[in-house]
Structures are given as structure tokens and as C-alpha cells.
Amino acid sequence: MKAALSRRDFLKASAVAGVAINISFLPSRAEAQLIETPPRPGPDWLNGHAKPKYRLDAMAKVTGEKAFTRDYRARDLEGWPKEQSHAFLLHATRTDQAFARIDLKVLGDDLKPDRVVMHEDLVADGVEIPVPGFYGDVFLVPKEQTARLLGQPVALLIYHDFARYDAAKRMVRFDDTVVRYGGKAAPTTPANYSATRYIRIDSGDPYAEDRFSSLKDTVIRAGFKGDDPQWPAAGNGDAMARGMAAALEIEREIATAGDDVLVLKRSFFSQSTDASAMEADNGNIWYDPATRVLHAMIATQSPYEVAEVAAHMVSKSKYPLKEVDLQVGYTVGYGTKDHAIFPFYCVLAGLYGEGRPVRLANDRYEQFQMGLKRHAFWMDNVLVVDRKTGQFRAMTGTYKNDGGGRENFSASVGAVGATAAQSIYYLPKSDFSAATVASRAVDAGSTRGYGTLQTMSATEMMVDEIAELLGMDVMDLRLRNVLRSGMKNTQGAIPAGAMRHEEIIARAREHPLWSERAKKKATFEASNPGKKYGVGYGHVHKDYGTGAEAALATIEFDAEGRVKLAHVAHEIGTGATTSQAIMVADILGVAPDETEYGKVRWAQMPLETTEQPYTLSQSEEDQRKLNPRWTPSFTSPMSASNSVYYLGHATREAARALIDLAIWPAAQALWSRGIGGGQMAPETVRRDDLRLAGGMVNAAGLQPLSLAEIAAEAHRQGFVTGVTVHTFNRWQWAEAEFDLGSAGQYRFAIDALAVRYGEGAPDERKALMTLDGWQFVDRKTVFYPPVQRNNAGVTYYTPMATLAEVVVDTATGDVTLLSHHSIMDCGRQIVPELVSGQIQGGLAMGIGHALKEYLPLYEDGPGDGTWNWNRYELPMAEDVAVWSQTVDILPALSETDPPRGMAEVVMIAVVPAIANAVAHATGKRFYRLPITSDKILEALA
């Protein structure tokens, strides 16, 4: 449930007839500067079996090569004009008065912009806001109207030279006389965004069919009266009425609870934060009126959507458009550049550049003012616990998150937070609702945890407090209630694979930080008067993926055995490009000799899509899937921790398909040479016996063959020598069957396949390769997971637990983190060093959230344009116990374990661990984050 109804709805409006979409990853000169250093994996790249010596992007980054989109100017891009224009935005910092005009007299004649763009210009020229609602209703505040949100731009100023641009930007910064307002005016804040409710009552058996659940029955949705959701009436009628009847049953049980149960009610608050991505939003756009091509280089996690939506923006404008040519560099995203509005301000700048490239790039003040934020959450929880057994009987949670003045993914962030609130526990009865409200705050998006950090942290803090109130060991309490394999989540879905929470808890309670905490507390506090010692534990699991993950990958080899990988994945800082190449090496035994990332133009995949994976009815999907070229979604952005598992699935399926269709038949042909079937005939040799490692192919004691020999034979006989696959996942993988004629019929966990044949293929086979040298193979049958599975919310989880050791200074209220130890199950690690880096970075984020980072939501918040890192407190090395942090990764159950997405989960468990540690140290519990020194001093007073 990473995304609710609107996750991709906006793409329904973005397909523009007659506009070519061309997206490439650092092409031409830019490609040479980055890709040659490396990421063309050389013969010395691997150290041992599938172990890289360095990240593919490492050399370019550490030697200062142009790598990030922000590094490039027009002169660096082949075919672009050399003259570079620059632009910046003026912002409204009030929402209670109507915008009147801009006053640029402070700039004088010398610093006047070469072009000023206002809302009225966009209306006159037919330039539309993309996806109304998701991105708001206007780019720039119209005159005589109030801003929809604090910091909303009112004007775009373009300069044809850098010096004047730079001087002008410095002069108007913080000058509150430039943007002029009229009198009081009605607010134009949008209506509240979404109210969603997940109710479940089991049948008395965690493994049997539920009496009511979202997956079995329905998710409940509602409108608003003010800020209050108006839920449907309870009854015996439709699924929503029955769901509300189930909610009333839970409510009555709480209201009439006897002395045999503990009913704990607590309210929590989780603050708005800035993701502080090191690359601020930026883009460089050149609209060439002569060719009607919009050339763009933009920092984004979702290039496919940016290109299509940009085309939609100008489809009815005075700017004729033939092609969008989007170039994508490396970026640092982590949600901040996933469907953000900033790329489309860049497009505006390019359209009004008078034929010149225009660069629009936030500085750090502007990034605080415009960048997507993590949502503030207000949470009211009730947990009912049997006093004697410690068993959880029921839990309810009422959540509100502030989405700011543009909706973005706020509705789904609220919904995901609600589905995650159970944390790692089995709940026989549960009722979790999320209300996502609009406000004048800066818009928030799919950054860092997607609502789960907020709700799971609150639940973990409650569990710790319940153990204290019951006089029960908190680890025993967790073990009595932990979600075990085969049990259902609060949406009624069974999570994928084994739940290893018990193993994690066992390791945690044996760790010296936990087992010796009482002794250490007594010793430390006796030796350090005025300081309090505490150890806390947090244990969560985080979903990964969106419930509509799609990807494409190509793997092929030439006659000499050189392997090429092409993939939709591109680099946003996680090391995805490295891990995809290692997955190829892990399966084929050799790393690709050539890689192409960020590829979104796939001539060999002429797929059709409605891009409605969440809203399509079952009957319509059943009809559409009869078309062998239809798919629910074409491709996914780099988000939702989706690279190693979901995008990696395309890589792994392509590699396995290449083995089935090319390497195995070519090996059989070579081993069968000679009379009577050759050396293979006396043996029983199965496909399962095949082993690929170190560039060699082995099976059942037969003569080892080099991949070069295999490739030569495959090309000589005209076997398949390249495969392109398309994959789709709706909390379960789509599968399809394909008929490849004499090669046989195959079933793969993909929904589309294209193949390329070797050089020796007969003419009739070559004639099939009509799509840029590829044959698209129409599938015979396809299985798509039922659309009802959208209501599963999630089936894929990665667990993480953290022990935190803190000291609280009772004189100053300062919290010092002495050490922390984490335990994680991320399945089979592809590149352990990348896992380690993710954990270290995520822990720092969580520590900052727990103790330091905070943004006011409204007038004194980042929308006023005065926030920077001088005001926003990020954790430093001394704050994160950089030299005393350890981690324990559970070993994979077998070599067949898939990897798990883990970029988001690593930041979460440390938040409740620190809160619980502070409670252990001080005897005081804190329900509002961050836990700052002034809050501690107030509690201790």
C-alpha cells in the first residue's frame, strides 16, 4: 500500500499523441565522462566470485568528474548551445493576503531580468499545471489571490548572463518589499486530501479466514466535514457498512473492558523534517523552437514520468512540441526527487528562455523553502492487553498527517502509516485510520519512511511502556505477540517468506548492551553524579515497494561472449547500478562488460498501458490482459526501496531466461558433439545441474566450457543471444507463458519478453526481429495478481531492531548516544558494503529525527525562505556514535533467498530505541519528537 489511488493516476492525462519521449542516462560527452570511469566493469572489477572492488560510480565521484545533474552546464552537453541562461523564483511568504505584484526597483536598471514570467503569462500561452490536484492547481500565484502554501512561487526571473543573475538573486533574498500584497483575502488552501481506514477482526485463529479485513472485504474511505472524516454508517449491508460494524465492535470492547485487561491510551507527535539531500533540486532546459524539441537535464528519481508530464504541460500551449529529450545524471533522491514539482518549474524556465538553455537550481535556502518534507503526524493509539498473559487483544490508531498545500503522495503516506502501525505484532482486532489534511505548510512527499517511521515508532514506545506497567520483561512481551510466519497483517494479508522476529529478539536479549544494562546503569550513575544511563530497544519491519512495481532489463552477449546489461534503474545514491551488475555476475558467472542505466526508451517492448494499476476493475483488467502487449504499468521510478528486489527481479529473470534460452541449449549442443550424442550421452544431465562461475559453464562432470565458447555456438546456430523482459508486481509477481517455436514453451515470472537471435539464425528467424533488431514474443497466457490484492497494503517486509545506549545530563538535558547495535534480516546480501553504508546513513537519519531535526509547519517554518543548516540541526559524527556502532545481519536461510529492500527500514528502529533508552535513564516518557534538552529539563523539573 505504498501508494493509494493516486500513485500513478496522473499518467492517465500525460500521454501526448505525436510527442516522442527520449530519455537517456548521461549521453554523448556526458556519458563518456561518467561511464568510462567506470561504470564499464573491467576485467579486474570483481575480486573473487561476484565481489566488486568498488562501486561502479566510485571513481567518477571521488575524482570530481561530472556525475551529478547539478554539475552540468549547457556547454557540457553535446549539441546544446554554449550560452547558458539562469533563472530563479520569487516566493510568497504569506497566505493571509492576496498577492498584488512584484516590485523590482531594488534591482535598478542594471540588474533587471531579461524575462519575467507570471501566472498570467502561463494562462495566455496555454501552459498548464501538470496533473491538477497532485501538483496543485497553479504553478505561480495569480494576482489578487492568496498563495496556496507558504513559499509558493509568484514569478520566474530569467537572466542571460550569470553575473547579473547572481547579483540580483543575492539582492532580493530576504527582501520582503519585492513581493507585494494587497488586503486580506480568502484562503485558497485546497480541500483535505484523503481519509482511509483499515479494519480487521480475525476468527479466533491467526491462520484461518478473517471475519472482516481489507483484503477479504474492503478498505474504507470517507470524505471530510472540516478536518473530521465522515465515515460510512455501520450496518449489515455493503462491505463498508460491515467494516464499520466491525469497528463498533472493537470500540465497544474497549469501552467495556474489565479489570482483566490493561487499556493504554497515548497520543504521540512526529515532527516535520527536511530530508537534506546533498544535491538540491535543479535542472537545465533548452527548448529549440526550430526543431520543436524540449531538451532537458533534470535531477529526478522518476525520469519516465517527468518526460511524459512535461509533454502534457505544453500540449495545448503556443510552444509546438515534437520530442522531449530528457537526460538523467546521478542524483541523491531518497524520496525528495520522486514526483516533485520542481522539474516542471525547470520546464517553464526553458520554455521562456527565448531559444537559450536555462538553468534553474535551488540553493540551500530555496531547497528548504521548496523541497518535499517528511510529514508531521499526530497519533492517538489505544492498545488492549490481557494483564495475565500479556497477549494483545485489540489496537486502534487514529492518525492525522499534514500534507501542506499540494497533495503529492500525502494521501498514500497517511494510508501507509496506518497499515504499518501494528509494527511487528499480531493483532486479533485492529482499527487504524488515517486522515490526510491540507494546510498552508510546504508540501510533503514520499521521503524517508513514507509514514511508517511515525506510526511504528509510536507503537514501539507504547509496547515498552506496557511492559513496565504490567511488570513484565519487554522481550517476553514482544515474543508473546510477535507476528509469526503465516500470520496475517492488519490488512488480512500473509507477509512473504519467513518472519524471523523471534530470532532477532533472541540475539538482542543476549547482547551485552541488553543483558548487562541494569548492572551498567548502577555502575555508571554511581561514578557520574548528575548523569543518567539508559538502554532502549526498538524493533520494526518496513514494507518495500508500491504494489505496482514494473521494470525492464536487457541482457545479451556477442559472439565473443561479451555481456551487456541495459536497465531502467539509475543511480540515486543507493548503489543500484553496482548491485544490478553484481546480480548478473552472480547468475551468469561474469560481470557485464558494458552497462547502460536509466534506459527508458525500449523499442523492442511495444507495450500498451493504461497506467491505472490501483484503480482498474477486475473485469476491465481481465479484458485488457487478453491483449498480449498490455501491461498494468510500464516502469517504476527509483523509490520505495525498490531497486534490489523489484528492479533486481527483472535483472535476475533476464539472466535466468538467457540461461534457459541460450546458454543451456548451446552447452547441450557442444557437449553432444560427436557420435552417439558425445560426452553428454552417458550421463544424466539436467538443467538444474548447470553451474556458471568465473566465466566457465559446468554440469555433471562434463568438460567445462568458457562463456566465449557458449556464445560462439549460440551465435553460430542462431539461438537466442539476448533477452529483454518486463516485470510487474502487485504484492505478487505476474507470470506469463511464451511459445518460442522450436526452442519450446517457457513460463517466466515476467509479463513481456523480447528476444534477439544470433548471427547464424536462418532468414525466417531474422525476419522476426523487426523492432530495432529484436522480436517481441506475444505471450500465450498471463497471470496478473487479482486487483483485490491492492488491499493487501503490503506483503514484503524487512525487519530491523536496534539497541541504543544513552546518557542524559540532568543539568543540561543533553542526550549523548554512547553506542548502538542493530540486527537486521535483509535476505541474501548482494553487496554487503552497500548494505553497511545504507545502515550507517539510515541510523544517522533516525538519530536526527529522534533528538534534533525539527521544522515548524507554518509562518515560522521553511516556507519563509530563511531556513538553512545554520538553523536546522542535523546530527554530526559526534552525535551518532560513529566509532561505537555495530550491526548484525542475519545469515540468509539458503543461497536461494531473495534480497530484501532495506533503504528505509534502517532509519526507523533507532527512533523508539532512543526514546525507550531516555525513559530507562530518566524514568520519564516522551511522546513528542524530537526529544530535546528543554523537554527533558521540563520533565525533570
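Please read all numbers here as calculations on a predicted model, not as lab measurements.

(A) Just helix H11 (residues 474-481), in detail. Buried within H11 are the following residues: Val 474, Met 475, Leu 477, Arg 478 and Asn 481. Down the axis of H11, the smallest arc covering the buried residues is 160 degrees, so these residues share one side. Packed against the buried residues of H11 are strand S18 (392-402), helix H10 (452-470), helix H12 (501-510), helix H13 (512-515), strand S20 (531-543) and helix H21 (910-922). Where H11 begins, the capping side chain belongs to Asp 473, and its oxygen is found 2.9 Å from the backbone nitrogen of Met 475.

(B) Layout of the pattern of salt bridges. Here the structure, examined in full by the defined rule, presents 61 salt bridges. Across the pair Glu 249 and Arg 211 runs a salt bridge whose closest N-O atoms are separated by 2.7 Å. Note that Glu 249 is positioned in helix H5 (residues 239-255) and Arg 211 in the loop between strand S7 (194-201) and strand S8 (220-225), a separation of 38 residues in sequence. Taking the relative accessible area as the measure of exposure, Glu 249 reaches 23% and is therefore partly exposed. Between Glu 525 and Lys 521 there is a salt bridge, with the nearest N and O atoms lying 2.6 Å from each other. Of this pair, Glu 525 and Lys 521 both sit in helix H14 (residues 517-527), 4 residues apart, roughly one helical turn. Taking the relative accessible area as the measure of exposure, Glu 525 reaches 21% and is therefore partly exposed.

(C) How the structure looks around the environment of Val 293. Note on placement: Val 293 falls in strand S13 (residues 293-298). The residues contacting Val 293, other than those within four sequence positions of it, are Trp 286, Tyr 287, Asp 288, Glu 323 and Asp 325.

(D) Local environment of the sheet that holds strand S28 (residues 735-739). With respect to topology, 3 strands assemble into an open sheet ordered S29-S28-S32, the strand pairing being antiparallel. Of all strands in the sheet, those bounded by a partner on one side alone are strand S29 (745-748) and strand S32 (781-783). Each strand of the sheet is rotated relative to its neighbour by a mean of 15 degrees, with strand direction disregarded. Sheet topology places S28 next to S29; 4 bridges connect them, and they run antiparallel. Looking at S29, one finds that Asp 739 is bridged to Gln 745.

(E) The arrangement of unusual backbone geometry in detail. In this chain, Leu 929 is followed by Pro 930 through a cis amide linkage whose omega measures 0 degrees. By the secondary structure assignment, Pro 930 is in the loop between H21 and helix H22 (933-940). Of note in this structure, Ser 641 is not a glycine but carries a positive phi near 50 degrees. With respect to the secondary-structure elements, Ser 641 resides in the loop between helix H16 (618-624) and helix H17 (643-671). Backbone geometry places Ala 700, a non-glycine residue, at a positive phi of 50 degrees. Relative to the helices and strands, Ala 700 is located in the loop between strand S25 (696-698) and strand S26 (705-706).

(F) Broad picture of the packing of aromatic side chains. With the rule as written, the count across this model stands at 31 aromatic pairs. Ring geometry for Phe 88 against Tyr 165: centres 6.0 Å apart, planes inclined by 55 degrees, an arrangement best described as tilted. Here Phe 88, found in strand S2 (residues 85-91), pairs with Tyr 165, found in helix H4 (residues 162-172); they are 77 residues apart in sequence, far enough to count as distant. Summarising the burial analysis for this pair, Phe 88 and Tyr 165 share the class buried. When the centroid spacing of 5.8 Å and the interplanar angle of 85 degrees are considered together, the rings of Trp 630 and Tyr 784 count as edge-to-face. A residue pair is termed long-range when its members are at least 10 positions apart, and Trp 630 in the loop between H16 and H17 and Tyr 784 in the loop between S32 and strand S33 (797-809) qualify at 154 residues. Look at Tyr 784 and you get buried, because its relative accessible area is 4%. Each residue in the set Tyr 544, Tyr 645, Tyr 646, Trp 731, Trp 733 and Tyr 796 is aromatic and connected to the rest through ring pairs, giving one cluster. The ring centre of Tyr 757 lies 5.3 Å from the NZ or CZ of Arg 765, which sits over that ring. Lying over the aromatic face of Trp 867, Arg 871 brings its terminal NZ or CZ to 4.2 Å of the ring centre.

Each value, and the rule that gives it
Residues numbered from 1 in each chain as written. Predicted model: local features only at pLDDT ≥ 70, side-chain atom pairs only at ≥ 80, totals over all residues. Heavy atoms only, no water. Buried < 20%, exposed > 50% of the residue type's maximum accessible area, 1.4 Å probe, protein only. Helix = DSSP H or I, 4+ residues; strand = E, 2+ residues; numbered from the N terminus. Arc of directions from axis to C-beta. Contact = heavy atoms within 4.5 Å. Polar contact = N/O pair within 3.5 Å; in protein donor to acceptor, adjacent residues only side chain to side chain. Salt bridge = Lys/Arg side-chain N within 4 Å of Asp/Glu carboxyl O. Pairing = 2+ DSSP bridges. Axes fitted to C-alpha atoms, helices over the stretch in contact; angles between N-to-C directions. Phe/Tyr/Trp six-rings, centres within 6.5 Å; stacked < 30°, edge-to-face > 60°. Lys NZ or Arg CZ within 6 Å of the ring centre and 35° of its normal.

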